[in-house]
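# Structural description and commentary
Residues per chain are reported as follows:
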Amino acid sequence: EQLVAGEAAKLLGQARRVVIFTGAGMSAESGVPTFRDALSGLWQQFDAQALATPEAFRADPALVWGWYEWRRSAVGRARPNQGHVAVAAIEARVPNCVLVTQNVDDLHERAGSTAPLHLHGSLFAPRCSACAHPAPAPDGMAEEPAGGRRITPPRCTRCSAPVRPGVVWFGEALPEAALSAAVEAAATCDLLLTVGTSGLVYPAAEIPQVAARCGAAVIQVNPEETPLDHVADVNLRGPAARVLPALVEAVWGGADRG
Ligand code: NAD
Ligand code: APR
Ligand code: ZN
């Protein structure tokens, strides 16, 4: 693995235009429940595919809003891990670096990344379910009871329809601006680093394949095998919070040494 890290370090050290593409595994070591294992307590009788949909919200807004508020409070209690910090260190050192994430948490931002492209939206950007007017995320989330609870969503201040989570649900299209910026970055980069994604959910999963098709080198960081194994030039088989700091160290020496 040391040799492999050496090859990855060489690619990252000589790259001018880098895309970093992250998924739920990026936040696993921060203890953020992944999308599937956030189905505990009140929501365990539901299937994610059923709950994360516009239909479920229309049928029972308080159940779906309560689930996302519970997930948002879990993120609020979590902290960015050394993988998030290493991503911000890479962004600061590479001449041109674009961060694209499928995650709806704010851990990249809290680790110092300035403008991640959120392909699946964010828990911190609720909006009106009718007129899309942005709504403030209720601050000071009370310590949610372990199993979470139903919470009646706030009303839009402009048209008084219920406010919805600002995430992309099953069946919904991805935000056009973020997706096209991500595809453009992948098509023009010379290295794409994919971290902590199963590469199963489209169209996000297209991003690493666009980079490879356009001649970029691809490095994958994931403890498990994924469909992206055959797209990657280098597979670093380990957890992000250990592999990414080692990669930054190998290229730029101790992250703190300027
Ligand atoms: P979907 O199959 O409904 O497709 C979502 C969009 O991707 C649609 O516009 C569809 O036309 C397009 N698409 C589907 N397959 C494609 C492909 N092979 N190539 C290019 N485009 C393709 O997607 P879904 O699995 O039902 O979920 C919709 C989105 O919501 C997904 O991106 C998923 O990751 C996301 N999601 C987010 C959360 C969350 O909480 N953030 C939860 C579940 C799903
Ligand atoms: N470091 C790196 N990768 C990890 C770690 C870790 N510490 N722990 C787990 N992983 C990997 C797993 O091996 C898996 O391949 O992270 C991946 C998580 O896969 P998913 O749970 O499918 O998450 P993701 O790929 O982001 O899913 C895509 O689908 O669930 C919806 O909208 C949601 O954005 C999500 C999208
Ligand atoms: Zn409205």
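In this text, all values refer to a predicted model and were calculated from it rather than measured experimentally.

What counts as what
- Residues numbered from 1 in each chain as written.
- Chains lettered and ligands numbered in written order.
- Predicted model: local features only at pLDDT ≥ 70, side-chain atom pairs only at ≥ 80, totals over all residues.
- Heavy atoms only, no water.
- Helix = DSSP H or I, 4+ residues; strand = E, 2+ residues; numbered from the N terminus.
- Buried < 20%, exposed > 50% of the residue type's maximum accessible area, 1.4 Å probe, protein only.
- Contact = heavy atoms within 4.5 Å.
- UniProt positions renumbered as here; feature names shortened; annotations may be inferred.
- Near = heavy atom within 4 Å.
- Polar contact = N/O pair within 3.5 Å; in protein donor to acceptor, adjacent residues only side chain to side chain.
- Areas by Shrake-Rupley, 256 points an atom, 1.4 Å probe, with all protein chains shown as cover.
- Nonpolar A, V, L, I, M, F, W, Y, C, P; charged D, E, K, R; others polar.
- Donors = N, O, S within 2.8 Å, 3.2 Å for Na, K, Ca; no water.
- Pairing = 2+ DSSP bridges.
- Expected span 1.5 Å × (residues − 1).
- Arc of directions from axis to C-beta.

### Notes on the environment of Pro80
If you trace the backbone, Pro80 turns up in the loop between helix H5 (61–77) and helix H6 (82–93). Classification of Pro80 by relative accessible area gives buried; the value is 19%. Pro80 sits 78 residues away from Arg158 along the chain, and the two C-alpha atoms are 35 Å apart. Sequence-distant contacts of Pro80, defined by excluding residues within four places in its chain, comprise Ser30, Leu107, Arg110 and Ala111.

### Quick look at the UniProt feature "binding site: NAD(+)" (unreviewed entry) in the protein
As recorded in UniProt, the sites labelled "binding site: NAD(+)" (unreviewed entry) are Gln102, Asn103, Val104, Asp105, Gly196, Thr197, Ser198, Asn222, Pro223, Glu224 and Ala240. Along the chain, Ser198 falls in the loop between strand S6 (191–195) and helix H9 (206–213). Residue Ser198 is classed as partly exposed on the basis of its relative accessible area of 37%. Excluding residues within four positions of it along the chain, Ser198 makes contact with Thr226 and Pro227. For Ala240, a relative accessible area of 6% translates into the label buried. Ala240 has contacts with Met26, Glu29, Gly83, Val195, Val221 and Pro245, leaving out every residue within four places of it along the chain.

### Quick notes on the site of ligand 1
With respect to spatial proximity, 18 residues lie near ligand 1, and among them His120, Val168, Phe170, Val201 and Pro203 are the closest. Contact between ligand 1 and His120: an oxygen atom at 2.8 Å from a side-chain N or O atom of the residue. Trp169 has a polar backbone atom sitting 3.2 Å from an oxygen atom of ligand 1. For ligand 1, whose unbound accessible area comes to 810 Å², protein coverage reaches 64%. Here the shell around ligand 1 is built from residues that sort into 13 nonpolar, 2 polar and 3 charged.

### A closer look at the coordination of the zinc ion (ligand 3)
Binding of the zinc ion (ligand 3) to the protein goes through Cys128 (SG), Cys131 (SG), Cys156 (SG) and Cys159 (SG), at separations of 2.2 to 2.3 Å. Donor residues for the zinc ion (ligand 3) sit on one chain with the sequence pattern C-x2-C-x24-C-x2-C. In this pair, Cys131 is assigned in the loop between strand S4 (121–128) and strand S5 (163–167) and Cys156 in the loop between S4 and S5, connecting sequence segments 25 residues apart. Of the residues examined, Cys156 reaches a relative accessible area of 7% and is grouped as buried.

### Regarding the pairing of strand S2 (residues 96–101)
Note that strand S1 (residues 17–22) and S2 share 6 bridges and pair parallel. Residue pairing across strands places Phe21 opposite Val100, the latter belonging to S2. Inspection of the sheet shows S2 paired to strand S3 (residues 117–118) by 2 bridges, in the parallel sense. The partner of Thr101 across the bridge, within S3, is His118.

### Here's the deal with helix H8 (residues 176–188)
Between the first and last C-alpha of H8 there are 18 Å, a value that for 13 residues agrees with the 18 Å anticipated at 1.5 Å per step. The set of residues buried in H8 consists of Ala178, Leu179, Ala182, Ala185 and Ala186. Projected down its long axis, H8 carries its buried residues within an arc of 130°, all on one side. In H8, those exposed residues whose orientation departs by more than 90 degrees from the buried face are Glu176 and Ala177.

### Considerations on the UniProt feature "binding site: substrate" (unreviewed entry) in the protein
Residues annotated by UniProt as "binding site: substrate" (unreviewed entry) correspond here to Tyr68 and Arg71. Classification of Tyr68 by relative accessible area gives buried; the value is 4%. Since its relative accessible area comes to 9%, Arg71 is described here as buried.

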